[in-house]
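# Results of the structural survey
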Amino acid sequence: MASIDMKNIVKQYGDGFPAVNDVSIDVRDGEFMILVGPSGCGKSTLLRMIVGLEDITSGDMMIGERRVNDLAPRDRNLAMVFQNYALYPHLTVYENIAFPLRLAKASDAEVDEKVRAASKTLELDEHLDRKPGNLSGGQRQRVAMGRAIVREADAFLFDEPLSNLDAKLRGQMRTEISRLQKRLGITTVYVTHDQTEAMTLGDRVAVLKRGILQQLATPRELYENP
Ligand code: ADP
Ligand code: ADP
């Protein structure tokens, strides 16, 4: 686990307004940070700069004590939990969760220990032999998180994971993600344009507008001082 400290981060595409303009956000170890704002405010660009999928024009991106501006995504040890879950349909839940360990050539014993521990935490232990096609949306989301857990990633990053779901499922998943994040205590950055999500999920909320950080506060502070 680790903190993610963004210091004066700028992203300039071409010569227009910066997409991200001098943003500083300190995500503490174990904290659930929301990035919220209207379409085009720079949320995804900021998230992609954390993961390393986008170059940083200026500023410092710190993960723990490390400056990661020039590190490749694979060297940052972060886990993007994708909106479409990116699960392998032909593999069982067990093998989907085991996948990063297989890539790293872990022994069968290590794979088994880690997959079982993760699936217990995520309450997937009764579904290990099933395939993703037979799971609920919530269960699929948990498999995607399981894959990140066995990799021992330092943080979870979510980019609008619930935006394609209907209102009922969205409500359920919101509760579930929040509960699991608390249980795992893993540093999390979560992008959304949805005010309800922003005000119910996170420990703190960073409000962006046209690339500029407008507010950085707890949901309660935002509620009392909008
Ligand atoms: P959000 O995620 O909040 O909707 P984005 O981070 O996707 O916002 O975009 C922020 C701004 O940067 C927008 O004005 C968008 O048009 C611009 N932008 C995003 N990606 C690119 C790109 N690859 N090239 C040029 N401009 C981009
Ligand atoms: P390789 O580059 O060895 O072929 P991959 O392309 O699967 O392996 O992954 C490259 C690196 O990207 C991995 O070592 C891992 O650290 C990182 N990575 C893989 N999946 C994710 C993810 N969901 N989110 C963030 N980083 C990831």
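It should be emphasised that the depicted structure is a prediction, and the values quoted were computed from it without experimental measurement.

### Remarks on the overall build of the protein chain
When its secondary structure is counted, the protein chain shows 7 helices and 10 strands. Viewed in the frame of its principal axes, the protein chain has a C-alpha envelope of about 50 × 40 × 30 Å. For the protein chain, with 226 residues in total, the buried portion stands at 49%. Sequence-distant contacts, at least 24 apart, represent 66% of the contacts inside the protein chain between residues at least 6 apart. Here the protein chain has roughly 11200 Å² of accessible surface; of this, 48% comes from carbon and sulfur atoms. In the protein chain, 30 side chains carry a positive charge and 32 a negative one; their mean positions are 4 Å apart.

### A word on unusual backbone geometry
We note that Asp 22 has phi near 60 degrees; this positive angle belongs to a residue other than glycine. Take Asp 22: it is sitting in strand 2 (residues 20-27). The phi dihedral of Arg 210 falls on the positive side, at around 45 degrees, and the residue is not glycine. Residue placement: Arg 210 occurs in the loop between strand 9 (204-209) and strand 10 (212-217). The class for Arg 210 is exposed, based on a relative accessible area of 69%.

### Re the sheet that holds strand 9
Read across the sheet, 6 strands follow the order 6-7-8-3-9-10 without closing on themselves; strand pairing throughout is mixed. The open sheet has two free edges, formed respectively by strand 6 (78-81) and strand 10, since each of these has just one partner strand. Neighbour to neighbour, the strand axes of the sheet diverge by 20 degrees on average, direction disregarded. With 5 bridges joining them, strand 7 (residues 155-159) and strand 8 (residues 187-192) adopt parallel strand pairing. In the sheet register, Leu 157 faces strand 8, and the bridge partner there is Val 189. In this fold helix 1 (residues 43-51) packs onto strand 3 (32-36), strand 6, strand 7, strand 8 and strand 9, with an angle of close to 150 degrees to the strand it touches most, strand 7. Where helix 5 (residues 167-184) meets the sheet, it contacts strand 3, strand 7 and strand 8, and its direction lies at approximately 140 degrees from that of strand 3.

### Description of the nonpolar core
The biggest cluster of nonpolar side chains holds 40 residues, and the ones touching the most others in it are Ile 34, Val 115, Phe 156 and Tyr 190. With 28 residues, the next largest nonpolar core counts Ile 4, Met 49, Leu 78 and Met 80 among its residues.

### Considerations on the environment of Arg 147
On the secondary structure map, Arg 147 appears in helix 4 (residues 137-150). In the structure, Arg 147 is positioned 49 residues away from Ala 98 in sequence and 6.8 Å away in space, judged by C-alpha atoms.

### A short note on the site of ligand 1
The environment of ligand 1 is formed by Tyr 13, Ala 19, Pro 38, Ser 39, Gly 40, Cys 41, Gly 42, Lys 43, Ser 44, Thr 45 and Arg 48. Here an oxygen atom of ligand 1 and a backbone polar atom of Cys 41 are 3.1 Å apart. Between ligand 1 and Gly 42 there is a distance of 3.0 Å, counted from an oxygen atom to a backbone nitrogen or oxygen. Surface burial for ligand 1 is 55%, taken as the share of its 560 Å² of free accessible area covered by protein chains. Within the shell around ligand 1, the residues separate by chemical class into 4 nonpolar, 5 polar and 2 charged.

Rules used throughout
- Residues numbered from 1 in each chain as written.
- Chains lettered and ligands numbered in written order.
- Predicted model: local features only at pLDDT ≥ 70, side-chain atom pairs only at ≥ 80, totals over all residues.
- Heavy atoms only, no water.
- Helix = DSSP H or I, 4+ residues; strand = E, 2+ residues; numbered from the N terminus.
- Buried < 20%, exposed > 50% of the residue type's maximum accessible area, 1.4 Å probe, protein only.
- Contact = heavy atoms within 4.5 Å.
- Areas by Shrake-Rupley, 256 points an atom, 1.4 Å probe, with all protein chains shown as cover.
- Lys, Arg positive; Asp, Glu negative; His and termini not counted.
- Charge placed at Lys NZ, Arg CZ, Asp CG, Glu CD.
- Pairing = 2+ DSSP bridges.
- Axes fitted to C-alpha atoms, helices over the stretch in contact; angles between N-to-C directions.
- Core = buried A, V, L, I, M, F, W, Y, C linked by side-chain atoms within 4.5 Å.
- Near = heavy atom within 4 Å.
- Polar contact = N/O pair within 3.5 Å; in protein donor to acceptor, adjacent residues only side chain to side chain.
- Nonpolar A, V, L, I, M, F, W, Y, C, P; charged D, E, K, R; others polar.

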